[in-house]
Amino acid sequence: MQLRLRDYMFNRFKKETKDGFLILDDTSFPKKGEKSIGVSHQYCGALGKQANCQSMVSWQFASPKIHFPLQAELYLPKSWTE
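The present account deals with the structure reproduced in this document.

## Overview of the overall build of the protein
- Assigned secondary structure in the protein consists of two helices and four strands.
- Secondary structure of the protein in N-to-C order comes out as α-β-β-β-β-α.
- Against the 2.2 N^0.38 benchmark of 12 Å for 82 residues, the protein shows a C-alpha radius of gyration of 16 Å, more extended than a compact globule.
- Reported as C-alpha extents along the three principal axes, the dimensions of the protein are approximately 45 × 25 × 20 Å.
- Expressed as a percentage of the 82 residues in the protein, the buried residues total 27%.
- Sequence separation of at least 24 residues holds for 49% of the intrachain contacts in the protein that already meet a minimum separation of 6.
- Carbon and sulfur atoms make up 55% of the accessible area of the protein, which totals about 6,400 Å².
- Within the protein, one finds 12 positive and 8 negative side-chain charges whose respective centroids are separated by 6 Å.

## Observations concerning a nonpolar patch on the surface
- Residues Leu22, Leu24, Val57, Trp59 and Tyr75 make up a contiguous nonpolar surface patch of about 480 Å² in total accessible area.
- Owing to a relative accessible area of 39%, Tyr75 belongs among the partly exposed residues under this scheme.

## Details of the packing of aromatic side chains
- Scanning the model with the defined rule gives one aromatic pair in all.
- For the pair Phe61 and Phe68, a centre-to-centre distance of 5.4 Å together with 35° between the ring planes defines the contact as tilted. Grouping residues by exposure puts Phe61 and Phe68 together as buried.

Conventions used here
- Residues numbered from 1 in each chain as written.
- Predicted model: local features only at pLDDT ≥ 70, side-chain atom pairs only at ≥ 80, totals over all residues.
- Heavy atoms only, no water.
- Helix = DSSP H or I, 4+ residues; strand = E, 2+ residues; numbered from the N terminus.
- Rg over C-alpha atoms; globule rule 2.2 N^0.38 Å.
- Buried < 20%, exposed > 50% of the residue type's maximum accessible area, 1.4 Å probe, protein only.
- Contact = heavy atoms within 4.5 Å.
- Areas by Shrake-Rupley, 256 points an atom, 1.4 Å probe, with all protein chains shown as cover.
- Lys, Arg positive; Asp, Glu negative; His and termini not counted.
- Charge placed at Lys NZ, Arg CZ, Asp CG, Glu CD.
- Patch = residues over 30% accessible without salt bridge, like charges linked within 9 Å, V, L, I, M, F, W, Y side chains within 5 Å.
- Salt bridge = Lys/Arg side-chain N within 4 Å of Asp/Glu carboxyl O.
- Phe/Tyr/Trp six-rings, centres within 6.5 Å; stacked < 30°, edge-to-face > 60°.

Listed below in structure tokens is the structure:
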């Protein structure tokens, strides 16, 4: 599904994507508890300090005329993958 959407966006806005580039970004979501998937005591950019939070990593496409997300995934800290 994600690949089809990406292909659609590139084809639909072909002229607008001419001078574009990819952006790799992380977004953090502060959390009070520890039961949400991926919550860990880690650096939380939204708060500017270490705290319980979730982190998402995303790829986005941007050009002077258009911007759209390509893919996003929840980052799972080592404590969640062991």
